[in-house]
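One-letter residues, chain by chain:
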Amino acid sequence: MWKTENEIKEAKEKGERSSEDFRHWDKKYVIAVAREIGEMVRNDGEKPKPKRDPSKRGSMLRSYPAFLPDMVDGPVEVMEPRVGKPLIVIGLHPEQKLFGRSLKFLLENEGYEVWLSIEEVEANSQGDFPMKMARSVSADYRGQMHPLLKFTPSCTSVPEDFQSKADQAGVVVFVLSEAFANSKTSKGQVFYCEHRKHVIPIKYEEFDMPGWMNMLIGRKRYENSRTDGYKELVISRIRRALDPTARASEHNEMNEVKMAYSTRFLKQTIDAYSDLLKCVYVFGGVSISSKRTLDICRSLGQMLADVGDITLATGGLFGAADVVAESFSEACKSRHCEADIWHVVPERDDQDYTRKARQHADRTFQVVPYGRTVFSGDSMEERESIVARVFEIAVLIEGEADLSHECVEFLWNDHLVIPIKSTGGAAGGSFGIPHKIFEVPAGVAELDWNVLKDDNANAEDVATAVVKIIQSLQETLHLENNEPVGAVPRLRSRSIRQRISKARLQSMNTVIIQEDNSPTDF
């Protein structure tokens, strides 16, 4: 806790209403916490590094010959060196135990040592050894965690035995299933291995991948266990990954470079005309389901225009975002001022989006007839990833299942999504939307946030609450930059949460957060 019991007691005696509000940080607490963090960092930096036995040098992902992109700081050192047969770790849910054992038998016949993640669970259930859980960042924390300190989409701690085996492994194979997707333990295993190891996903059955899995695994090529020849493909990929003479494909590195360039280009393009910190991205359903949602969209557009210094951005799709933007544009015209609107659309997409967006027959996209249009990305998925890196504040209204990816992208970049929950759909929590977006952000009044989920609130009240929330978050952005609210900053590349503190997976320092002391979930 950053407030002591005595400080809380004194604040109560003085009648301060925010005495127990963990979202309220007085300046003295900010200074005190900053001083403590600085002391911790200094002390940690002064610790002498243990001398190593040269004969027991730690391996640097020794069985994975891929070259990492320049933007990655470097691989995490494998803590447990390994000699002998290459180790393959198979992460799976106990419901796929028989499949896992058949896969283990197959790979052992190829000369590999294989370890199944369920082996430690089975051993634990037989009482052979106690389950050892890795100490998490929040292990000594007993208060309510600040929303901005949840560094990654929520995951649990990973058992030490899995960590040890994964550190030694040359390749980690994950068997994807619905039970695996719903398991906190499996999620923790995937988070631990992402960026640390060469991962080969095998899809055991057809199921809807949740957002976190789409982010971490969905873009990798997975093998389908129900197709002929998948075993040979898995073996081939493992051999290639473990071959020290093989070079990894440059596709992943080039794709990340391309994404970084596209992100920078979009930021610079918008920043040349507008203020990114005052930019709000609106996305949602392409088919508005109710008159109430339609009224909310129109009211929100009008009230954002009333603010006067808001820049509006959309993905160029029909539906909720389009209605908000058109209402915003009309309101600005009635006030004889220019509407600052940006539409970010991909160059093309092989899928047919003619019912969702202005798309030509050759699958390229058209210029939106109002506002400014920027073409960014070679597919809708790429565009979603780019806008999630650029815009710090987004508003979600209704939405279909395909919005799950965009929501997770915003969270992954530690940018904030304001869901109008009462409109239902993705904004209401359906389609595997991460629950994290429904947490009240720091600096936002809980009373305003609660209006978003009130089914009885009228359109004007909802729009008013959204505008207040946006203004509160923008004020936080300016304060974090030590600038007055009226200042005009230029091209900020770091998010609210990043500026506070953020250990990013991109730097290959995964932070595992355990919010309770619950045991493994299978």
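Structural data are supplied above this passage.
Residues numbered from 1 in each chain as written. Predicted model: local features only at pLDDT ≥ 70, side-chain atom pairs only at ≥ 80, totals over all residues. Heavy atoms only, no water.

A complete count under the given rule lists seven cavities of 30 Å³ or more for this structure. Of the volumes computed, that of the second largest cavity is approximately 60 Å³. Taken together, Tyr281, Val282, Phe283, Gly284, Val286, Gly315, Leu317, Phe318, Ala321, Arg383 and Glu406 form the lining of the second largest cavity. Per element, the largest residue contribution to the lining of the second largest cavity is four residues, and it comes from strand S6 (residues 279–284). (1 Å grid on protein atoms, 1.4 Å probe; cavity = no way out; pocket = protein on both sides within 12 Å on 5 of 7 lines; lining within 4 Å. Points joined across faces, edges and corners; volume = space filled by probe spheres on them. Helix = DSSP H or I, 4+ residues; strand = E, 2+ residues; numbered from the N terminus.)

Position of Tyr222 relative to the elements: it lies in the loop between helix H8 (211–218) and strand S5 (223–224). Judged by relative accessible area, Tyr222 falls into the partly exposed class, the value being 31%. Beyond its immediate stretch of four places on either side in the chain, Tyr222 contacts Pro201, Lys203, Met209 and Arg237. (Buried < 20%, exposed > 50% of the residue type's maximum accessible area, 1.4 Å probe, protein only. Contact = heavy atoms within 4.5 Å.)

The next thing to look at is the pairing of strand S10 (residues 393–397). Two faces, one strand: in a regular strand the side chains alternate between the faces of the sheet. Of all five residues in S10, five are buried; the element is thus mostly enclosed. Here S10 shows no split at all, with Ile393, Val395 and Ile397 on one side and Ala394 and Leu396 on the other all buried. Across four bridges, S6 lies against S10 in parallel orientation. The partner of Tyr281 across the bridge, within S10, is Ala394. Taking the sense of rotation as the criterion, the β-α-β connection linking S10, helix H14 (residues 403–412) and strand S11 (residues 416–420) turns out right-handed. (Pairing = 2+ DSSP bridges. Right-handed = clockwise from strand over helix to strand, strands pointing away.)

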